[in-house]
Every structure is written in C-alpha cells, then in structure tokens.
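Descriptive structure summary
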Amino acid sequence: MSAAETDLPALLGRLRTAAGPPQVLTDADLRASHETDWTRRWHGEAVAVVRPAATEAVAAVVAACREAGAAVIPQGGNTGLVGGSVPRAVAARRQVVVSLTRMGDVEPIDPVAGEVTVAAGVTLGALQAQLRGSGYAFGVDLGARDSATIGGMIATNAGGTQAFRHGPMRAQLIGVEAVLADGSVVRRLPGLLKDNTGYHLPSLLAGSEGTLAVVTRARLRLVPHLPRRAVALVAVDGPDEAVELAGNVRRQLPNLLAAELFFEDGLTLVLHHAGGQRPFADAHPAYLLAEVEGREDPTAELAGAIEAAGPLVRDAVLAGDDAGRARLWRLRERHTESVNAEGIPHKLDVAVPVRRLGAFARAVRQTIAEVAPAARTFLYGHVLDGNLHVNVLGPPPDDDDVDAAVLGLAIEMGGTVSAEHGIGVAKVGWLKANRGAADVAAMRAIKDALDPDGILNPGVLFG
Ligand code: FAD
Ligand code: 2HG
Ligand code: ZN
C-alpha cells in the first residue's frame, strides 16, 4: 500500500466534504446491502459507501479516490447479476462504493424530439411512471424495473424483453454526462440525434460496466406509446417450436413487443415460490409468452396469429386486460427470484444465433448432465435475441466446471458468453476466448488511456 493509500481519515474527510457527512456510510450495518450482490454470490468490503446527489459531488468523490489511490465501485440499484456492482472480495486497494441512487431527477419530456434527460439514479420504473400519459414509452423493459437505474442499465447495456424490437440500452442513448477517472466531466446532452463529430462516447460507455467513467446523466430516445396490449401464453413441444412460432408471429404482427421462453420445470418452481395458478390443466414441455401492442385492442389479431400456427400450438391462453396480462407475465418474470430462493445459482447469460436456440437448449442440458449429474438446470430467456439464461443449482459457487461447459458450448455454437448482463467479475476469464486477443487489446488500450491508475471498478471486465 502506498503512502497516499494509508491516510483513511483524510480520504473519508474529503468524501464527507464532497457528498455531505450523512451521505458517507462507514458503519458495517449501513454498508451491508451495498456490499453483497443480488444473487448473494459476490461480496467484499468497502471503506465507505458514498451517496452523492449531484454531478459535481460525484466528480469530487472520484477525484478524492484517485488521489488516495482508492478504487471506485459505481453502483445503481445493485440488481446486476455478474458481481460488478459490489466491492471485490480480494482487493489491492481500499474500495469506495459510489451509489448514484440519490440522483433521481427527470427533466421535462421533449414532445417534439421524443427525448428526455434523466439523472443516472432514476429507476426504470420511475421513468416509466413519469412517461405515463405523455404519448411516449421507454424502449427497454426488464423485471428489475423498480430497482435498476438508468445509469446501471447504461453501464451494463441492458437488454430485457423488447431488445429485438427497439434495441438494447445503447440504442436508446442520445447523449451522456459522465465523470472520468481524473474527476473531469464529459457532458454532451443537447439532444442531437445527428451528431457526427468524432467518437460517440455514449456508445463507448454503454456496456463499459463502470470501468471507464461514472455515468451521471443521460439523454434518452423515447418510442411511441401504443395504449393497448395483449399477451398470449402458448404451450409448445419445445424450444424449436417456440422459435418458429415467435418468428411466425413477428412476421404477421409488426407490433410484437416480447417473445419469452420458459420450460415446465421453471413454471413449477415459480408456482412453488411465488404462488399463482397453473395456466393450463396439463403440463407442457415449453411455453412461449408473446405480447403485442396496438392503438386498438390487439387480442383478436394475436389470437389469429396463434391459430394460424396450427400444430405448433399445444394449448394457449390469452389476456387483454391488465390483471390477466400481469398474471401471465409473472410466470416468466418471477423465475429469477424463484431460482434464487433455492440457492446460489451459476448464472450463465448466453446467446446463440436465434436459429440455433433450440439446438443449444437441448445440448446444454445434456452437457450439464455430463459435467454435474446432480445439478438442476433452469432455462428461460428472450427468444428472438437467441438469449437463454442458463441457471444451474447444485455445484458450489466456486466450481467452474459447469460454467466452462456452458460458456464453451455457447462459443462453439457461434454465440456469446454474455448477451445482456455483462462480464462483471463472474466471466472475466472468458473475455478473450469470446472476443479474441485483438479486441481485448483494443479495449485494454481504451481503459488504460481513460483510467491510467486503474481506479474505476478494478477487477471488472479484464480481471
Ligand atoms: P448495478 O447492479 O448497481 O450495477 C451494474 C454494473 O453497472 C456494475 O458494474 C456497476 O459498477 C455499473 N454501474 C452502475 N451504475 C453506474 C453508473 N452510474 N455509472 C457507471 N457504472 C455504473 N438485465 C437485463 O439486461 N435484462 C433483463 O431482462 C434483466 N432482468 C433482471 C431481472 C431481475 C429480477 C434482476 C434481479 C436483474 C435483471 N437484470 C436484467 C440485471 C440487472 O437488472 C441489469 O444489469 C441492470 O442494468 C442493472 O442496473 P443497476 O442499476 O441495478 O446496476
Ligand atoms: C431475465 O431475463 C433476466 O429474467 C434475469 O435477465 C436472468 O435470472 C436470470 O438469469
Ligand atoms: Zn434476461
């Protein structure tokens, strides 16, 4: 530890000056929820959790950490699933969690441009509430909406259920404000959709997982809000049929907004932990949840598209009312917490080309059975992105065999080891295998240029 790193009281003093004394949490009890991740798999100790409420305060916090040689761990809602939002268990430096959740303002919506500027700590749910009645919606949605923040969603380039329609977080970003590792602020929020003046920093920061800058504000693109929705839950023979059916519905109904897959074992687990009623009298191998939006009630056209699929459909239920839609959605959205209720899972968020999704789903179960015969595997995901969430319960968290088998298979089938959750600390060993040496060297060069002292989220992405 260098001389600069030893002076903890001086660092805490500067953090208190920057954010205000009550916003520097040093008591273990107050730090605890910021030090363990959502899955309980990742944890570490911070010397403090700092909660600045303004960009200037974030800049002062980062500058203080840099001068003290302390690591900055940016944190939003702490719903990330790859361990990047909490301190590292083993760290070479002191760690300071910088929580952005007090930065919660939403500026007035620009109705002509269809854009809005928000602070990084605004939750997705709060943004959605703010947009109600405006004629606009936000193009990314995910189950953790009430906690996940816009800053965290940018940092992870979150995907969610509508990515095939509107793109992931990166596609919604028109401008950002962010604090760099030296405490300087980059700010470009004028709302210019067309702006070809060099490197596009919003795109660079999307998916950077807190390793290049702390995002403090963003200018976001909005999409038209269509007021009516219908959901169908369709029982099918397996993932191949789900892919084919989702493709059919997409071609017939351009307003398809979600196409989600889960299996009978996952449904049973959700009913066990979250309650609710079985949607069908019989059990079926797999289920496709499809949601369509429209100016008018789209229930009839959704029903027509499903009927047209003939033998692909074993059974189906439809809902056009809010309560009915929510009942069907929860069967898919409650998978994550139901798996968590059983133990600490190996969470493997892979994608393969969508035409290979069925083959991957079959092969991955077989592969896991060979590597860890006693493991329980739950698969669910976003069909039209080829994105499957492989959750494996049983092998101890540090046992890498299952991870290697699943991630290796994804790469072998032309896929990716992370579709939407990021690399975090969970998958650092896989970055090079997935992206290749040249890509990783280019990324490393960017990191070294923007953060020469390596204070921003060390251990994430590169290990
Ligand atoms: P955090 O968990 O706090 O942080 C995530 C990463 O971003 C960390 O590396 C952190 O250092 C960095 N970070 C956070 N804020 C900032 C900032 N302001 N500046 C720079 N870096 C920052 N993800 C999906 O993509 N699709 C889904 O469908 C989805 N569903 C989910 C459902 C559930 C029930 C849960 C628990 C999680 C789900 N996730 C999903 C994962 C998670 O919600 C997303 O990764 C989300 O984007 C994280 O946002 P957050 O604010 O919680 O970020
Ligand atoms: C989802 O799609 C989320 O539900 C979480 O991305 C995935 O629990 C998971 O592995
Ligand atoms: Zn997902």
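Residues numbered from 1 in each chain as written. Chains lettered and ligands numbered in written order. Predicted model: local features only at pLDDT ≥ 70, side-chain atom pairs only at ≥ 80, totals over all residues. Heavy atoms only, no water.

Topic: the site of ligand 2
Using the following cut-off: The near set for a molecule or strand comprises every residue that places at least one heavy atom within 4 Å of it. Pairing of N or O atoms within 3.5 Å defines a polar contact, subject to two protein rules: one partner must be a possible hydrogen donor and the other a possible acceptor, and residues neighboring in sequence count only if both atoms are side-chain atoms. Computed by Shrake-Rupley with a 1.4 Å probe, the accessible areas treat only the displayed protein chains as cover when residues are assessed. Note on residue categories: nonpolar means Ala, Val, Leu, Ile, Met, Phe, Trp, Tyr, Cys or Pro, charged means Asp, Glu, Lys or Arg, and polar means any other residue, Gly included.
Surveying the vicinity of ligand 2 reveals the residues Leu81, Arg332, Thr336, Lys347, Tyr380, His382, His389, Asn391, Glu420 and His421. Between ligand 2 and Tyr380, the relevant distance is 2.7 Å, taken from an oxygen atom to a side-chain nitrogen or oxygen of the residue. His389 places a side-chain nitrogen or oxygen 3.0 Å from an oxygen atom of ligand 2. Within the complex, the protein chains bury 85% of what would otherwise be the 290 Å² of accessible surface of ligand 2. Counted by class, the shell around ligand 2 contains 2 nonpolar, 5 polar and 3 charged residues.

Brief notes about the sheet that holds strand E1 (residues 24–25)
Keep this limit in mind: When DSSP locates at least two bridges between a pair of strands, those strands are taken to pair. Numbering of helices and strands runs from the N terminus; a helix is a DSSP stretch of H or I covering at least four residues, while a strand is a stretch of E covering at least two. The contact definition used throughout considers only heavy atoms, calling two residues in contact when any of these lie within 4.5 Å. Axis definition: a line fit to C-alpha positions, over the contact stretch in the case of helices; interaxial angles, taken between N-to-C directions, run 0 to 180 degrees.
Sheet architecture is open: 4 strands sit in the order E1-E2-E4-E3, paired in mixed fashion. The open sheet terminates on both sides in strands that have one partner only, identified here as E1 and strand E3 (71–75). Sheet analysis places strand E2 (residues 48–50) next to strand E4 (residues 95–99), joined by 3 bridges and oriented parallel. Across the sheet, Val50 pairs through a bridge with Val98, a residue of E4. Helix H2 (residues 8–19) rests against E1, E2 and E4 of the sheet, and its axis sits at about 20° to E2.

Considering the site of ligand 1
Close to ligand 1 lie 35 residues; Pro74, Gly76, Thr79, Gly80 and Thr149 are nearest. Here an oxygen atom of ligand 1 and a side-chain polar atom of Thr149 are 2.7 Å apart. Within the side chain of Asn457, one N or O atom sits 3.0 Å away from an oxygen atom of ligand 1. Taken by itself ligand 1 offers 970 Å² of open surface, and the protein chains cover 95% of this. The set of elements that each furnish at least two residues to the shell around ligand 1 consists of E3, helix H6 (150–156) and strand E9 (214–221). Counting residues per element, the shell around ligand 1 draws most heavily on H6, at 5 residues. Here the shell around ligand 1 is built from residues that sort into 14 nonpolar, 19 polar and 2 charged.

A look at the pattern of salt bridges
Stated precisely, the cut-off is as follows: Salt bridges are defined as contacts in which a side-chain nitrogen from Lys or Arg sits within 4 Å of a carboxyl oxygen from Asp or Glu.
On inspection of all chains with the given rule, the structure shows 28 salt bridges. Of the charged contacts, one joins Asp398 and Arg41 as a salt bridge, the two residues approaching to 3.3 Å between their closest N and O atoms. Remark: Arg41 occurs in the loop between helix H3 (28–35) and E2 and Asp398 occurs in the loop between strand E17 (387–393) and helix H15 (401–412); sequence separation between them is 357 residues. Here Glu291 and Arg325 are joined by a salt bridge, their closest N and O atoms 2.9 Å apart. Taken as a pair, Glu291 in strand E13 (residues 286–294) and Arg325 in helix H12 (residues 322–333) lie far apart in primary sequence, 34 residues in all.

What about the coordination of the zinc ion (ligand 3)?
As a reminder of what qualifies: With water excluded from the atoms, a metal site may look incomplete; its donors are any N, O or S atoms within 2.8 Å, or within 3.2 Å for Na, K and Ca. Burial here depends on accessible area, computed with a 1.4 Å probe over protein chains only, as a share of the maximum for the residue type. Under 20% is buried, over 50% is exposed, and the range in between is partly exposed.
Taken together, His382 (NE2), His389 (NE2) and Glu420 (OE) make up the protein donors of the zinc ion (ligand 3), found 1.9 to 2.1 Å from the metal. When its relative accessible area of 10% is taken as the criterion, Glu420 is described as buried.

Some points on the environment of Gly304
For Gly304, the location among the structural elements is in helix H11 (residues 299–307). You can call Gly304 partly exposed: its relative accessible area is 34%.

Focus: the packing of H2 against helix H4 (residues 55–68)
Heads up, the condition is: Our angle categories are set so that under 35 degrees counts as roughly parallel, over 145 as roughly antiparallel, 65 to 115 as roughly perpendicular, and the remainder as oblique.
The contact between H2 and H4 brings their axes to 9 Å, and the two run at 170°. In terms of their interaxial angle, H2 and H4 are classed as roughly antiparallel. Where H2 approaches H4, its residues Leu11, Arg14, Leu15 and Ala18 are matched on the opposing element by Ala57, Ala60, Val61, Ala63, Ala64, Cys65, Glu67 and Ala68. Classifying every residue of the contact of H2 with H4 by side-chain character gives 10 nonpolar, no polar and 2 charged.

Quick word on unusual backbone geometry
Backbone geometry places Arg40, a non-glycine residue, at a positive phi of 70°. With respect to the secondary-structure elements, Arg40 resides in the loop between H3 and E2. Phi angles above zero are rare outside glycine, and Asn157 is one such case at about 50°. Tracing the backbone through its elements, the reader meets Asn157 in the loop between H6 and helix H7 (163–166). Taking relative accessible area as the criterion, Asn157 reaches 13% and is therefore assigned buried.

Things to note about the packing of aromatic side chains
So the rule is basically this: Stacked, edge-to-face and tilted are the three classes for Phe, Tyr and Trp ring pairs, Trp counted by its six-membered ring, which pair at centre distances within 6.5 Å; planes under 30 degrees apart are stacked, over 60 edge-to-face, the rest tilted. Criterion for a charge above a ring: Arg CZ or Lys NZ at most 6 Å from the ring centre, at most 35 degrees from the ring normal.
Applying the stated rule across the entire model yields 2 aromatic pairs. On the basis of an interplanar angle of 5° and a centroid distance of 5.9 Å, the ring pair of Phe280 and Tyr287 is categorised as stacked. A residue is classified by how much of its surface remains accessible, and Tyr287, at 0% relative accessible area, is buried. A connected cluster of aromatic rings, assembled from ring pairs, spans Phe262, Phe280 and Tyr287. Arg41 extends its terminal NZ or CZ atom over the ring of Trp42, reaching a point 3.9 Å from the ring centre.

Observations concerning the sheet that holds strand E15 (residues 346–351)
Strand order in the open sheet made by the 7 strands is E14-E11-E13-E12-E16-E17-E15, with antiparallel pairing throughout. At either end of the open sheet lies a strand with only one pairing partner, and these are strand E14 (315–319) and E15. When strand polarity is set aside, the average angle formed by the axes of neighbouring strands in this sheet is 15°. As paired strands, strand E11 (residues 228–236) and E13 are joined by 9 bridges and run antiparallel to one another. What sits directly across from Val231, in E13, is Glu291. Against the sheet, H11 engages E11, E13 and E14, with an angle of about 20° to E11.

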